[in-house]
Protein chains: 4
Amino acid sequence: MSSMPAAAVRAVDAPAALIARYRAVRARSRVLAAPLSAEDAMVQSMADASPAKWHLAHTTWFFERFVLAAKADYRAVDERWDYLFNSYYQSVGPMHARIHRGLLSRPSLAQVLDYREQVDARMADAFARGDFDRELQQRIELGLHHEQQHQELLLTDIKHALWCNPLKPAYRDDLAMTSGGASPMRWLRRDEAVVEIGAPAWPLAGDGFAYDNESPRHRALMLAHALASRPVSNAEYRAFIDDGGYRSATLWLSEGWTRINAEAWRRPLYWEEDLEREFTLGGVRAIDPDAPVCHLSYFEADAFARWAGARLPTEVEWEHAAAQVAVEGNFVEADRLSPAPAGALVGAASAAIGESFARTDLQIAAEAAPTKAADNTPQQLFGDVWEWTASAYAAYPGFREMPGALGEYNGKFMCGQQVLRGGSCASAREHLRASYRNFFYPPDRWQFSGLRLAKDAR
Amino acid sequence: MSSMPAAAVRAVDAPAALIARYRAVRARSRVLAAPLSAEDAMVQSMADASPAKWHLAHTTWFFERFVLAAKADYRAVDERWDYLFNSYYQSVGPMHARIHRGLLSRPSLAQVLDYREQVDARMADAFARGDFDRELQQRIELGLHHEQQHQELLLTDIKHALWCNPLKPAYRDDLAMTSGGASPMRWLRRDEAVVEIGAPAWPLAGDGFAYDNESPRHRALMLAHALASRPVSNAEYRAFIDDGGYRSATLWLSEGWTRINAEAWRRPLYWEEDLEREFTLGGVRAIDPDAPVCHLSYFEADAFARWAGARLPTEVEWEHAAAQVAVEGNFVEADRLSPAPAGALVGAASAAIGESFARTDLQIAAEAAPTKAADNTPQQLFGDVWEWTASAYAAYPGFREMPGALGEYNGKFMCGQQVLRGGSCASAREHLRASYRNFFYPPDRWQFSGLRLAKDAR
Amino acid sequence: MSSMPAAAVRAVDAPAALIARYRAVRARSRVLAAPLSAEDAMVQSMADASPAKWHLAHTTWFFERFVLAAKADYRAVDERWDYLFNSYYQSVGPMHARIHRGLLSRPSLAQVLDYREQVDARMADAFARGDFDRELQQRIELGLHHEQQHQELLLTDIKHALWCNPLKPAYRDDLAMTSGGASPMRWLRRDEAVVEIGAPAWPLAGDGFAYDNESPRHRALMLAHALASRPVSNAEYRAFIDDGGYRSATLWLSEGWTRINAEAWRRPLYWEEDLEREFTLGGVRAIDPDAPVCHLSYFEADAFARWAGARLPTEVEWEHAAAQVAVEGNFVEADRLSPAPAGALVGAASAAIGESFARTDLQIAAEAAPTKAADNTPQQLFGDVWEWTASAYAAYPGFREMPGALGEYNGKFMCGQQVLRGGSCASAREHLRASYRNFFYPPDRWQFSGLRLAKDAR
Amino acid sequence: MSSMPAAAVRAVDAPAALIARYRAVRARSRVLAAPLSAEDAMVQSMADASPAKWHLAHTTWFFERFVLAAKADYRAVDERWDYLFNSYYQSVGPMHARIHRGLLSRPSLAQVLDYREQVDARMADAFARGDFDRELQQRIELGLHHEQQHQELLLTDIKHALWCNPLKPAYRDDLAMTSGGASPMRWLRRDEAVVEIGAPAWPLAGDGFAYDNESPRHRALMLAHALASRPVSNAEYRAFIDDGGYRSATLWLSEGWTRINAEAWRRPLYWEEDLEREFTLGGVRAIDPDAPVCHLSYFEADAFARWAGARLPTEVEWEHAAAQVAVEGNFVEADRLSPAPAGALVGAASAAIGESFARTDLQIAAEAAPTKAADNTPQQLFGDVWEWTASAYAAYPGFREMPGALGEYNGKFMCGQQVLRGGSCASAREHLRASYRNFFYPPDRWQFSGLRLAKDAR
């Protein structure tokens, strides 16, 4: 058995593969934006979100600024984009205020798409000329992962934007509705061990891409614990609501209690007041009781776990489990754009929401169902929903930021956020790996964020 | 000589004239929106402003809701527009929050234009059928004036929206640049008199349209005073700046001093830091020293007047002077969309900004140039810039709101605002009259707002 | 009959009278502060209010800074007080931020009282030496009126401060409880006339003291109207509440509607939720149905008037009536510190709150009771409650600010506020006069503010 | 060698010892409050701080509510204190809003001190009667540690309160000024090991008191690293400032950069603009270059460490080092109430601030001075300044909150905060131990908070 993470198997892209990948990832952004009108692509519904048009422009600027402009005599497509489409790279220069991205009617979507084409053409020329040395190839690789991150944000941001519209328009009307039963939740026990997590520092040491915040690969002590076999379902979360979860102060972190009362949170972000329907990228639909619960803040995930007599897993626990399974699941490629029950793949029966679930079920399950070896594989670690962990987002021991402006990519956000793992129904499969660390603030819930339970071993 | 106001000459529209006027005003909105892309038409750059698309929809909804829907069996074009396009009529029902108007990518601009066409078609049918009784004809008249107000707001709001864009795009590139010298400022003296101001209450008593807030026509005591012959020019305002006007606490109202420091105001809203160029609907241009200064808050107008040893005129003083001149000037029909010097019409010489003007000039002018009878007509009372007055916006004695939901039109805003008079380069000529009362909050400065000086008589 | 205002009868103080008055006013501040502990005297319960200790210090600093320090070689008692106890005189220098006045544990109350004694001693010495010329004597006169204003603020500020304490402590336990019936409300009709209001400019033209904002005395046109014979009572206001006044959008100014909903205002500031008891300077007491309603914002006064089919009086209407009655009433000297029914003086019967009053009563009263000549004197114009007027606080025609730093006293606040007239149960009798203009912002309600109705004449 | 933490040596208090300790701790609060006037004791200078009077009352209420009131028929000294002096125990009932604690002029300081005496008398009676079973004795123990925490807060809160006063008054004028050189900073290297940290769960498993958040004692993997021999000094921090530390975006966490610019932070909280003097509890004094730098936010500590080419230590690293040294140092008992250089105890020479220190010195020191065995003991781990760690405040594996309302003590704050270790010059010696975890938000800097550097081993 190898303790190497799942993602470490892909070699550095040879130029041909890199070119192909560049084309594919860039084309994917246009596909994702295709259902949007120029007006849709301009909405910024809150400070944390960005307009789709901005995502399209910023990811393009990234290649222009960090790859093409590395050439001394490079002339920008339009030098004004440096100010408008820089996100947060202080080293590069001043930038347009994030909260005002939604005011940019100019450049138009058409201009931005044209900007994309011009940069892609310049990239193609440079590829053809063999202009990119190893370091620039690495930056291209980084730029592609960067663009994949923004593709997911484009989806979560437009979901929020459309939901803010009283008309509740769908992003697409042709999304597949799949259903299937949830498998019973089981506790998978693991013994104490010194394990290795993290990815070798790319590009110096690692064979496959990883962000700087996943490195270095290092030893950590994993204590004995049990991990839930699957994420928490909508039905289970409904039971928490029905049991008064949102009204019980002692279930909540102090900041969480303040927040849910200040903003009158009483259910997941996109659930309707009847607790029967939810807004999805396909419009308002019935909530599937067996699908993983989604669009929770860390506060809600943490409160649910406390209510269930459990806790959230740590990064070490999560990654150690994930390193042993393939990166498969309900990703953006499945074209559902909503979490689905595991049974959507295998076809199980489904109970109505809240009908048959009680808090004690989780505990009883743990007692009644000692894990058989054959069952000892967690489901849905990848895809469907990002899983909040108990770990604050912090530097690994020995962490080094990327050099230069790109060092601002991850490290400077290591404060006040929590790590989420595993990717979602809006993530690209090849963007993910066991060591991947996503991070958001505890109140954030517009991402496809859910949870999986864990427990200390007795 | 009659003391009736200038606007009172036009009779109530006969149906044919009303139909023609309906078509003309409605068409004008489309013309004003024509230079805007769907994206431009969606920008809401601050809470006080609305997207152009919203103006186009709201004015249409006004006819549908208050005219067409008066018929018992009326079926709405789309009943969801009642919520989205109600501005502030609490009596009609709940409404979409003003600050979120910029998030409405749906309905699209195309849908809104289609909505306009459908309502116009229904109106045309109803005109043809003679469906509109006298009361509904009056509501149509009101709706047309309402739409003209929003046409001006469309221009001022899009000016602000485009200015917020770091690219500083022009609304139109084909606007005429006109120049010409300012005439010397003279003091026009008037003796104490009991005068009549205001308009007869329309539609009961008045022959011509007037808003409820202009009525009733009533007696008022006008004290002896002198009124400036023209608005304050850019050159004169530049002298105020150069003399440290923005740094002298004692020139300012207390709230004004707090505001200009909190927001670092050091010049009119759209002036550039060099005090030589300003943003216009035609893009960034050189400031014309002879044109009326514009985009001032009440605080700035008041501070300038104090600096100049003068004050702002009262409503009574302003209206009494205006009732004696024709409603002519630089209106939206002139297609300048910027204030212009009086000399733009008559061709006088111009001094560079701030070059030859000092505070004492205003006083000296008053001494040196006793007004000759032939000169005793104030210039530019109408058009160019709205003129801040010293009068708080309040009910006239005997004021009655319109009945029903339309009673919310004017009266409920009679608190905390100041009256402005005379219209601007963005106002429709036929929308104006001597008794017209516009009103904004003291800090507001995104309207075409300037000032004219007055003085107590010695 | 003279149209001169009531206050114009007292001649400028001869030195002996001025010395006596200085002693009396200064002593009064100490008496008012006597029931307060050092801790009480430090509370600042909101930005608009100041700690009692600060009032005691600031009024003292006023004499030191504007009177004693006029002497060239003057040495301050403690030069640090210039920064701490300047309120808003930008011309004098920078000042401690208003919102932080409650943080000043030092100087202690004892030190502030000692500061008072030192300044009083220096003033006494200077009086004895005859140091004060006519101009300084006028500043002393101004300083005494200034201190009387702060005496009232000390009471309203401490009332708010104690009310904010969940213990609801009384300022004093020995305040007299007086009751008595309200007289019926009658409409007093007045014909149109050109009248004179305002005070001659003190000290140049006037015989008696008046603030600059009361001057100059000037002609104004008073239109025909009817004025209510007494202020609105608690019982009448209770009927407005019971009739759904706080839930009817169309009764309210737009800003008022926003405010009452944002802050959940459903009754006067100090009324308890049961609408039966209210917090007073004597602690929580039963509401007297016949006493004038108090602690209303302008929004509430305006909404009540609209509900009652009436309006608020203008300054001109109010002052013209007040100029004809003596300055007598329930002032601070009566030592009630709460509004009282007129009948408290003459002994009428009283109805339970809301029992017998309906909106139509006011209108019926006007019909049924044509005013007899003998009854044509309004009651309670002075004392009890400040009466909100329909007039925005603005400069009178010909207004001139006092020269120098004292020019910041009144003029710079002429924006966004409404005038109140007549003084309250917390005002000093000799501080008041018919021309006196108080001013607060529309949402303010911690002053003893009520209302009197007026109507346009038919 | 024992791996037990330093604090584990004291047995559970026998009643006699507990009584003595109760008296001593309670008396200490009164001593700390003695220099304060009733006015001083009422100041709340920001939402995070509380008035001294409130600390005195709340700690007393803690004993009354959680110890005395455990008896079924207990009658409260004053039942109103339950509302006023509950801090954040939602399980106990509603409470007075934290931000309004500074408005409570009543109860007076005298009343609060009387409340303390009454509760102490009741406690003494109950002690005498032997009323307290083992569980209540444990609550008393907890209450004493709780009070010691508030004693430190009383000092840090009053320091902030007095600093907010423009008079900059001293808390005490008799505090000792001690000086002495800083020892050279050396790197102490430690090898990778699985270590035990944390305290056994008190009272079930532990012999000595520990808060629930310190438990359970558990294994953790400590990686190889080097720890600085002493905290960072004022001189070293001055060099960071002089090198442009506050102007270099790339040194800062993103949130830190935003904060320091939004609030114009350019130096430690209490340093004066000249960087030569600082506000202390003894008033404004010269900064001692050799003393540990203090009143830093986490952002500043983190930025300094990055500038120095180092990082902050983790909890594991810190605690493992601290478990091997005695709990000795500059605590509140030393009566300095300011951090002091190590040399204050041993007398070393001192350099002027910023004179001889450069960023490279820290690195050079590590090269040039391989640690000799005899030197391998870190200095000043306890006392002087709380040391920010790289560890977010989170539950230890196996963490269990205390049962009942006391479960709200620590666990619900495990979000968004960072751990600090070691206590300060304002902490009680017997309150501290190696496993003690303090926690504050990253921007907080009104505690005595500094830092110690660490580095990954090469």
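These figures come from a predicted structure and were not determined experimentally.

1. Things to note about the overall build of chain A
Looking only at helices and strands, chain A has 11 helices and 11 strands in total. Split into buried and exposed, the 458 residues of chain A put 52% on the buried side. Sequence-distant contacts, at least 24 apart, represent 83% of the contacts inside chain A between residues at least 6 apart.

2. Examining the packing of helix α2 (residues 52-66) of chain D against helix α5 (residues 134-164) of chain D
Residue and element names in this part refer to chain D. At a closest axis distance of 9 Å, the pairing of α2 and α5 adopts a crossing angle of 170 degrees. With respect to α5, the element α2 is oriented roughly antiparallel. Contact residues: α2 offers A52, H55, H58, T59, F62, F63 and F66, while α5 offers R139, G143, H146, E147, H150, L153, L154, D157 and I158. Residue classes in the contact of α2 with α5 are distributed as seven nonpolar, six polar and three charged.

3. Describing the relation of the copies chain D and chain C
Both copies of the chain are related through a single rotation about an axis accompanied by a shift along the same axis. Expressed as a screw operation, the relation of chain D to chain C combines 0.0 Å of axial shift with a rotation of 180 degrees, fitting to an RMSD of 0.0 Å. The relationship between the two copies is best expressed as a two-fold rotation axis. Judged by C-alpha distance, E39(D) is the residue of chain D that lies nearest the rotation axis, at 2.7 Å. Counting the interface residues of chain D, we find that 100% of their copies in chain C are interface residues as well, pointing to one common contact surface.

4. Things to note about the environment of M46(D)
You can see M46(D) is positioned in the loop between α1 (15-33) and α2. A C-alpha to C-alpha distance of 7.6 Å links M46(D) and I99(D), two positions 53 residues apart in sequence.

5. Describing the pairing of strand β5 (residues 277-280) of chain C
All names here are of chain C. Every second residue of β5 is oriented toward a common face, the buried set being E278 and T280 and the non-buried set R277 and F279. Looking at chain direction, β5 and strand β6 (residues 283-286) are connected through four bridges and run antiparallel. Within β6, the position partnered with E278 by the bridge is R285. Two successive antiparallel strands, β5 and β6, enclose a turn made up of two residues.

6. Quick notes on the interface of chain D and chain C
Contacts between the two partners involve 25 residues from chain D and, on the opposite side, 25 residues from chain C. Going through the elements one at a time, α3 (81-84) and α5 of chain D are the ones with two or more residues in the side of chain D that touches chain C. For the side of chain D that touches chain C, the per-class residue count stands at 13 nonpolar, eight polar and four charged.

7. What about the domain arrangement of chain A?
Residues and elements named next belong to chain A. Its domain assignment divides chain A into domain 1 (6-164) and domain 2 (187-456). On the side of domain 2, 28 residues touch domain 1, which itself brings 27 residues to the contact. Of all the elements, helix α5 (residues 134-164) adds the most residues to the side of domain 1 that touches domain 2, at 12 residues. When grouped by side-chain class, the residues that make up the side of domain 1 that touches domain 2 number 14 nonpolar, eight polar and five charged.

8. Some details on the interface of chain B and chain A
Of the residues lining the interface, 25 residues belong to chain B; the matching set on chain A comes to 25 residues. For the side of chain B that touches chain A, a count of residues per class yields 13 nonpolar, eight polar and four charged.

9. Focus on the sheet that holds strand β1 (residues 187-190) of chain A
Residue and element names in this part refer to chain A. If you trace the three strands from one edge of the open sheet to the other, you get β1-β4-β11, paired in antiparallel fashion. At either end of the open sheet lies a strand with only one pairing partner, and these are β1 and β11 (454-456). Ignoring strand direction, the axes of neighbouring strands in this sheet form an average angle of 25 degrees. In this structure, strand β4 (residues 225-228) lies alongside β11, joined through three bridges in antiparallel fashion. When the sheet's bridge partners are listed, H225 is paired in β11 with D456.

10. What about the sheet that holds strand β7 (residues 386-392) of chain A?
Residues and elements named next belong to chain A. Overall, mixed pairing links the four strands, which are arranged β9-β8-β7-β10 in an open sheet. Across the chains shown, the open sheet's two edge strands, defined by having one partner strand only, are β9 (438-440) and β10 (449-450). Together, β7 and β8 (418-421) form the strand contacts of helix α9 (residues 315-322), whose direction differs from that of β7 by roughly 135 degrees.

11. Some remarks on the UniProt feature "domain: DinB-like" (unreviewed entry) in chain A
Here the UniProt-annotated "domain: DinB-like" (unreviewed entry) positions come out as residues 22-152 of chain A. In residues 22-152 of chain A, the share of helix is 54% and the share of strand is 0%. The end C-alpha atoms are 17 Å apart.

12. Let's talk about helix α4 (residues 109-129) of chain B
All names here are of chain B. Between its terminal C-alpha atoms α4 stretches 30 Å, which fits the 30 Å expected from 21 residues at 1.5 Å a residue. For α4, the set of buried residues is L109, V112, L113, Y115, R116, V119 and M123. Summarising the axial view, the buried residues of α4 lie within an arc of 150 degrees, below the 170-degree limit, and thus occupy one face. Across from the buried face of α4, at angles greater than 90 degrees, the exposed residues are A110, A121, D125, A128 and R129.

13. Description of the packing of helix α2 (residues 52-66) of chain A against helix α4 (residues 109-129) of chain A
All names here are of chain A. In contact at an axis separation of 9 Å, α2 and α4 are set at 25 degrees when each is read in the N-to-C sense. Taken as axis vectors, α2 and α4 run roughly parallel relative to one another. For α2 against α4, the interelement crossing comes out left-handed. Within the contact between the two elements, α2 uses K53, L56, A57, T60, F63 and E64 and α4 uses L109, V112, Y115, R116, V119 and M123. The residue makeup of the contact of α2 with α4, split by class, is eight nonpolar, one polar and three charged.

14. Here we look at the pairing of strand β7 (residues 386-392) of chain C
Residue and element names in this part refer to chain C. Most of β7 sits inside the fold, with seven of its seven residues counted as buried. The side-chain alternation of β7 yields two buried faces, one formed by W386, W388, A390 and A392 and the other by E387, T389 and S391. The pairing of β7 with strand β10 (residues 449-450) spans two bridges and is classified as parallel. Along β10, the bridge assignment pairs E387 with G450. Pairing geometry for β7 and strand β8 (residues 418-421), over three bridges, is antiparallel. Bridge pairing in β8 links E387 to R421.

15. Comments concerning α2(D)
The end-to-end C-alpha separation of α2(D) is 21 Å, in line with the 21 Å expected for 15 residues at 1.5 Å each. α2(D) sits mainly inside the fold: 15 of its 15 residues count as buried.

16. Topic: the nonpolar core
Counting 419 residues, the largest nonpolar core has F304(A), L451(A), F304(B), F304(C), F304(D) and L451(D) as the members making the most contacts within it. Setting aside residues no more than four positions away along its own chain, F304(D) makes contact with V232(D), Y237(D), F240(D), G245(D) and L451(D).

17. Side note on unusual backbone geometry
Residue and element names in this part refer to chain A. Each neighbour pair has its own omega, and for R106 with P107 the value is -5 degrees, a cis peptide bond. With respect to the helices and strands, P107 occurs in the loop between α3 (81-84) and α4. Even without being a glycine, Q380 presents a positive backbone phi close to 55 degrees.

18. A few points about the environment of V293(B)
Residue and element names in this part refer to chain B. Inspection of the secondary structure assignment puts V293 in the loop between β6 (283-286) and α8 (298-307). By C-beta crowding, V293 is classed as buried, having 26 other C-beta atoms within 10 Å. Along the chain, V293 and E236 lie 57 residues apart, while their C-alpha atoms are 8.3 Å from each other. Other than its neighbours up to four places away in sequence, V293 contacts V232, S233, N234, Y237, P268 and G450.

19. Quick notes on the confidence of the model for chain A
All names here are of chain A. Counting all residues, the mean pLDDT for chain A is 90, and 89% of those residues have values of 70 or more. Note on residues 1-13: pLDDT under 50 across the span, and 30 contacts to partners over four residues away in sequence or across chains. Contacts from residues 345-357, a stretch scored under 50 in pLDDT, to residues over four places away or in other chains number 29 contacts.

20. As for the environment of R259(C)
Residues and elements named next belong to chain C. Take R259: it is sitting in helix α7 (residues 254-262). On the basis of neighbour count, R259 is assigned to the partly exposed category, with 17 C-beta atoms found within 10 Å. Linking R259 and E401, residues 142 residues apart in sequence, is a C-alpha distance of 33 Å.

Reading guide: rules and limits
- Numbers given to residues run from 1 along each chain, matching the order in which its sequence is written.
- Written order determines the labels here, with chains lettered from A and ligands numbered from 1.
- Note on the predicted model: pLDDT of at least 70 is required for a residue's local features to be given, and 80 or more for side-chain atom pairs to be given and counted; whole-chain, interface and lining totals, by contrast, use all residues.
- Secondary structure is summarised from DSSP: a helix means a run of H or I of at least four residues, a strand means a run of E of at least two, and numbering begins at the N terminus for each.
- Exposure in this text rests on C-beta crowding, where 20 or more other C-beta atoms within 10 Å of a residue's own make it buried, 12 or fewer make it exposed, and counts in between make it partly exposed. The C-beta atoms are placed from the backbone.
- In this description, a residue-residue contact is defined by the distance between C-beta atoms placed from the backbone, which must lie within 7 Å.
- Where helices are involved, their axes are fitted lines through C-alpha atoms of the stretch in contact, as for all axes, and angles between N-to-C directions lie from 0 to 180°.
- When describing relative orientation, an angle under 35 degrees is termed roughly parallel and one over 145 degrees roughly antiparallel, while 65 to 115 degrees is termed roughly perpendicular and anything else oblique.
- When residues are grouped by polarity, Ala, Val, Leu, Ile, Met, Phe, Trp, Tyr, Cys and Pro land in nonpolar, Asp, Glu, Lys and Arg in charged, and all others, Gly among them, in polar.
- Here the copies are superposed with least squares, the fitted atoms being C-alpha atoms of residues at a pLDDT of at least 70 in both.
- Pairing between strands is defined by DSSP: at least two bridges between them are needed.
- Delimitation of the domains relies on an automatic or database domain assignment.
- UniProt positions are given in the numbering used here, feature names are shortened, and annotations may be inferred rather than shown by experiment.
- For a helix, the expected span equals 1.5 Å multiplied by the residue count minus one.
- Here, the arc refers to the directions that run from the helix axis to the C-beta atoms.
- Helix crossings fall into two classes, left-handed where the near helix is turned counterclockwise from the far one by less than a right angle and right-handed where it is turned clockwise.
- Take the buried Ala, Val, Leu, Ile, Met, Phe, Trp, Tyr and Cys residues, join any whose C-beta atoms are within 7 Å, and the set you get is a nonpolar core.
- In predicted models, pLDDT denotes the confidence assigned by the predictor to each residue on a 0 to 100 scale.

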